[in-house]
Amino acid sequence: MSPDSSIPEPGMQLSGTVYTTDSVPTDQRQTYWRAALSQTFAAVDIAVLDEVCSGTIRTSRLGHLQVATVDGDPLWARRTPQLIARGKDEYLVVMQLVRGVAEVEQDAREAHLHPGEIVFCDMARPMRMDFPHPFQTKSLVLPRRLLGLGESDLQRLTATPISPDTTLGSLLSPLLTQLVDTAATYPLAIGEVVARHVVDLLTVLVAERLHQEVGDTPSATHVLLPRIQEFIDRHLADPDLTPEAIARAHQISVRYLHKIFQTEDVTVARWIQRRRLQECRRELARREAAGRTIAAVARQWGFTSAAHFSRVFRDAYGMSPAEWRASAARAPRMPSLPSGVSRMSEAAAA
């Protein structure tokens, strides 16, 4: 990495970039620091104790993901509706506080963070973040769409501290730390492989956390939902898997089935499509499946039209099935991954 003391311009973000105020004139530091934070995460308004502020950001790319370590003086940052309306920052930030204390407010919740704790921040909605003392954070920045979560799930996820003593925290904390610390050492192709594993693992961990929260208030809906989702997974390959067939198998009305899925902020049909796309994406990335046609993979998971499959795949992942398969084929087999990623991501894909 080479230090970059010029004010970053939009679109300039490179792998292995360092932004530092060390060589910036004192009267320009606050402007520079605001631009560096905005370039790394999303446009923010900031305030510091005085004009003499200091900070360093180290970033690296991993496929569609970015990791960042931030060291800074006391800071108050705001993501306002005006800034959100001005840009297209559809990112989710998974931030671990390493040093100092922090307050994060989003979705009518306020999280008080201590070292070791992790919080999710949605840059597509207003938020407040305060660091009253010098601090360090390590963050993973990823497009919101990669986790496949609805708006209601995202709102339940933000501004809720995840302690390293919890099951989720004990898995996520060492993964995040090692990922941020080692990302700059990966060749481009290896980074793309790591990114796919990380997204798969994070998807599983987030889903588990959300279902645990739902389980805190048992009801018929909360008991039925995981059973129905498991039923859908077992029958994804059946092109006749419809809301009517699912309701009939569980002896409930179609209307009640749709009501159950309201808690997921997604329709039953969209849930089925999302799960089919996830399985197709995994299959297309497997080298062992390189000899199969894309249409065959689509049929395997219940898509009856290759054209429709290609269209919804591009809508979901921003590239065609062929482009996705080509990017996976270019990536070499990875001899080792950050601790815990390989084993757990294989379990996620099973």
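Look above for the structure.
Below is a summary of the structure that appears in this document.

The rules behind each value
Residues numbered from 1 in each chain as written. Predicted model: local features only at pLDDT ≥ 70, side-chain atom pairs only at ≥ 80, totals over all residues. Heavy atoms only, no water. Buried < 20%, exposed > 50% of the residue type's maximum accessible area, 1.4 Å probe, protein only. Helix = DSSP H or I, 4+ residues; strand = E, 2+ residues; numbered from the N terminus. Pairing = 2+ DSSP bridges. Axes fitted to C-alpha atoms, helices over the stretch in contact; angles between N-to-C directions. Parallel < 35°, antiparallel > 145°, perpendicular 65-115°, else oblique. Left-handed = near helix turned anticlockwise from the far one by under 90°. Contact = heavy atoms within 4.5 Å. 1 Å grid on protein atoms, 1.4 Å probe; cavity = no way out; pocket = protein on both sides within 12 Å on 5 of 7 lines; lining within 4 Å. Points joined across faces, edges and corners; volume = space filled by probe spheres on them. Arc of directions from axis to C-beta. Nonpolar A, V, L, I, M, F, W, Y, C, P; charged D, E, K, R; others polar. Phe/Tyr/Trp six-rings, centres within 6.5 Å; stacked < 30°, edge-to-face > 60°. Lys NZ or Arg CZ within 6 Å of the ring centre and 35° of its normal. Polar contact = N/O pair within 3.5 Å; in protein donor to acceptor, adjacent residues only side chain to side chain.

### Looking at the pairing of strand S4 (residues 55-62)
Argument step 1. Of all 8 residues in S4, 6 are buried; the element is thus mostly enclosed.
Argument step 2. Bridge analysis of S4 against strand S5 (residues 65-72) gives 8 bridges, and the strand direction is antiparallel. In the strand pairing of S5, Gly55 is matched with Gly72.
Argument step 3. Connecting S4 to the next strand, S5, in antiparallel fashion are 2 residues, including Gly63 with a positive phi near 60 degrees.

### Things to note about the packing of helix H9 (residues 268-285) against helix H12 (residues 321-330)
Argument step 1. Remark: H9 packs on H12, axes separated minimally by 8 Å, with the N-to-C direction vectors making an angle of 45 degrees. By the angle between their directions, the pair H9 and H12 is classed as oblique. The two elements H9 and H12 meet at a crossing, and its hand is right-handed. Of the residues in H12, those in contact with Arg281, Leu284 and Ala285 of H9 are Pro321, Trp324, Arg325 and Ala328.

### Structural notes on empty space enclosed by the protein
Argument step 1. All chains considered together, the criterion is met by 1 cavity of 30 Å³ or more.
Argument step 2. Of the voids in this model, the largest cavity is the one considered here, and its volume is about 250 Å³.
Argument step 3. As for the largest cavity, its lining consists of 20 residues, of which Leu37, Phe41, Ala77, Met129 and Phe131 are closest to the centre.
Argument step 4. If you list the elements that add at least two residues to the lining of the largest cavity, you get strand S6 (75-79), strand S7 (91-99), strand S11 (127-131) and strand S12 (135-143).

### Let's talk about H12
Argument step 1. Buried residues of H12: Pro321, Trp324, Arg325, Ser327 and Ala328, and no others. Projected down its long axis, H12 shows its buried positions confined to an angular sector of 160 degrees, all on one face. Looking at H12, the residues exposed on the side facing more than 90 degrees away from the buried face are Ala329 and Arg330.

### Focus on the packing of H9 against helix H11 (residues 306-317)
Argument step 1. Across the interface, H9 lies against H11 with an axial gap of 11 Å and an inter-helix angle of 90 degrees. Here H9 lies roughly perpendicular to H11, going by the angle between them. Judged by residue contacts, Gln273, Leu277, Gln278, Cys280, Arg281 and Leu284 of H9 engage His308, Phe309, Val312, Phe313, Ala316 and Tyr317 from H11.
Argument step 2. Of the residues that constitute the contact of H9 with H11, the class distribution is 8 nonpolar, 3 polar and 1 charged.

### Description of the packing of aromatic side chains
Argument step 1. Per the counting criterion, the structure on display carries 5 aromatic pairs.
Argument step 2. Look at Phe261 and Trp271: their rings are 6.0 Å apart centre to centre, the planes differ by 65 degrees, and that puts the pair in the edge-to-face class. Here Trp271 lies in helix H9 and Phe261 lies in helix H8 (residues 254-261), a separation of 10 residues in the sequence. Both residues of the pair, Phe261 and Trp271, count as buried.
Argument step 3. An aromatic cluster of at least three residues, connected via ring pairs, comprises Phe303, Phe309, Phe313 and Tyr317.
Argument step 4. Positioned over the ring face of Trp324 is Arg196, at 5.3 Å from the centre of the ring.

### Quick notes on the layout of surface pockets
Argument step 1. In this structure, the largest pocket occupies an estimated 1,100 Å³ of space.
Argument step 2. If you trace the largest pocket, you find 40 residues lining it, with Leu147, Gly148, Arg274, Arg275 and Gln278 closest to the centre.
Argument step 3. When residues of the lining of the largest pocket are traced back to their parent elements, those giving at least two are helix H3 (151-157), helix H5 (188-215), helix H6 (220-234), H9, H11 and helix H13 (341-349).
Argument step 4. For the lining of the largest pocket, the per-class residue count stands at 17 nonpolar, 7 polar and 16 charged.

### Looking at the side chain of Gln106
Argument step 1. Within the secondary structure, Gln106 sits in strand S8 (residues 102-106).
Argument step 2. On the basis of relative accessible area, Gln106 is assigned to the buried category, the value being 2%.
Argument step 3. In this structure the side chain of Gln106 is engaged in a polar contact, spanning 3.3 Å, whose partner is the backbone oxygen of Pro126.
Argument step 4. When residues no more than four places from it in sequence are discounted, the contact partners of Gln106 are Phe120, Cys121, Asp122, Arg125, Pro126, Met127, Thr158 and Ala159.

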